[in-house]
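# Report on the structure
In case you want the letters, here they are:
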Amino acid sequence: MNRLVVKLLQWEHGVFKFINGRLHNRFLNFWLYYLTHLGGATFTISCSLLLWFAAPAPWGNVAFKSLVALAVSHIPVAIAKKLYPRVRPYFKLPGTNTFRNPLTDHSFPSGHTTAIFSVTVPFMAQAPVLMIVLLPIAMLVGISRIYLGLHYPSDVLAGATLGSSAALGTVAFWP
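Residues numbered from 1 in each chain as written. Predicted model: local features only at pLDDT ≥ 70, side-chain atom pairs only at ≥ 80, totals over all residues. Heavy atoms only, no water.

## Here we look at the packing of aromatic side chains
All told, the structure shown has 13 aromatic pairs when counted by the stated rule. Ring centres 5.6 Å apart and planes at 75 degrees place the aromatic pair Phe64 and Trp174 in the edge-to-face group. Highlighted residues: Phe64 in helix H4 (residues 59-83) and Trp174 in the segment after helix H8 (153-172), separated in sequence by 110 residues. Given the relative accessible area of 26%, Phe64 is considered partly exposed. (Phe/Tyr/Trp six-rings, centres within 6.5 Å; stacked < 30°, edge-to-face > 60°. Helix = DSSP H or I, 4+ residues; strand = E, 2+ residues; numbered from the N terminus. Buried < 20%, exposed > 50% of the residue type's maximum accessible area, 1.4 Å probe, protein only.)

As structure tokens, this is what we get:
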């Protein structure tokens, strides 16, 4: 079992170094630095609130489900960050590329990835054709967190799982 954990960590560090190091170029530096903010609290909350108030039916209701999923999804995120205080990769892995004002709190799970998945999944559930646009955006936000040196791939995977689960649960149990 211990060898499996070591192998998984080696694989994860390899994926991290590929995304954070080998993919770096000026084009991605610009776009992923700004794209990552689509998973931030300011954007996800304000966009969901705006759609809830301004969008016609059924989209206003879907936006409200997104807000509920966003709130619900961040409860396990807060608990996991307290119970599993994983150090961010740029502190642990030498040569990690970082950008302005890197975060200093714990790494696991990715809150930005959790947020973007919890907000977009209700829209994808309402109209599956939206997956063509929303799923790549959500995935790029997750990849951007690795690219910026802020999260390991497992942090992003956990965030996507938490956000999607909270959103699907909200949609499934909605009266």
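## Concerning the nonpolar core
Nonpolar side chains in soluble globular proteins tend to end up buried together. Counting residues in each nonpolar core, the largest one holds 26 residues, and the members touching the most others are Ile116, Phe117, Val121, Phe123, Ile146, Tyr147 and Leu148. The set of elements that each furnish at least two residues to this core consists of helix H1 (2-22), helix H2 (26-35), H4, helix H6 (111-126), helix H7 (131-147) and H8. If sequence neighbours within four positions are ignored, Phe117 has contacts with Pro122, Leu135, Ala138, Met139, Ala160, Gly163, Ser164 and Ala167. (Core = buried A, V, L, I, M, F, W, Y, C linked by side-chain atoms within 4.5 Å. Contact = heavy atoms within 4.5 Å.)

## Brief notes about H2
Restricting attention to buried positions, one finds in H2 the residues Leu32, Tyr33 and Leu35. Seen end-on, H2 carries its buried residues on one side only, within an arc spanning 165 degrees. Exposed side of H2, more than 90 degrees from the buried face: Arg26 and Phe27 are the residues found there. On its buried face, H2 sits against H7. Between the side-chain oxygen at the start of H2 and the backbone nitrogen of Phe27 there is a gap of 3.0 Å, and the oxygen is on Asn25. (Arc of directions from axis to C-beta. Polar contact = N/O pair within 3.5 Å; in protein donor to acceptor, adjacent residues only side chain to side chain.)

## What about the packing of H1 against H8?
For any two helices packed against each other, one specifies the crossing angle of their axes together with the interaxial distance. The interhelical angle for the contact between H1 and H8, taken along N-to-C directions, is 95 degrees, at an axis separation of 9 Å. Considering their axes alone, H1 and H8 lie roughly perpendicular with respect to each other. Across the interface between the two elements, Glu12, Val15 and Phe16 of H1 pack against Pro153, Ser154 and Asp155 of H8. (Axes fitted to C-alpha atoms, helices over the stretch in contact; angles between N-to-C directions. Parallel < 35°, antiparallel > 145°, perpendicular 65-115°, else oblique.)

## Some remarks on the pattern of salt bridges
This model, assessed by the stated rule, comprises three salt bridges. Here Glu12 makes a salt bridge to Arg86, at a shortest N to O gap of 2.7 Å. Here Glu12, found in helix H1, pairs with Arg86, found in the loop between H4 and helix H5 (89-92); they are 74 residues apart in sequence, far enough to count as distant. Residue Glu12 shares its accessibility class with Arg86, and that shared class is buried. Here the salt bridges do not stand alone but share partners, grouping Glu12, Arg86 and Asp155 into one network. (Salt bridge = Lys/Arg side-chain N within 4 Å of Asp/Glu carboxyl O.)

## A look at unusual backbone geometry
The linkage connecting Ala57 with the following residue, Pro58, adopts the cis geometry, with an omega of 0 degrees. For Pro58, the location among the structural elements is in the loop between helix H3 (41-54) and H4.

## Overview of H4
The end-to-end C-alpha separation of H4 is 36 Å, in line with the 36 Å expected for 25 residues at 1.5 Å each. Among the residues making up H4, those that are buried are Gly60, Val62, Ala63, Lys65, Ser66, Leu67, Ala69, Leu70, Ser73, Val77, Ala80 and Lys81. Buried residues along H4 sit against H3, H6 and H8. (Expected span 1.5 Å × (residues − 1).)

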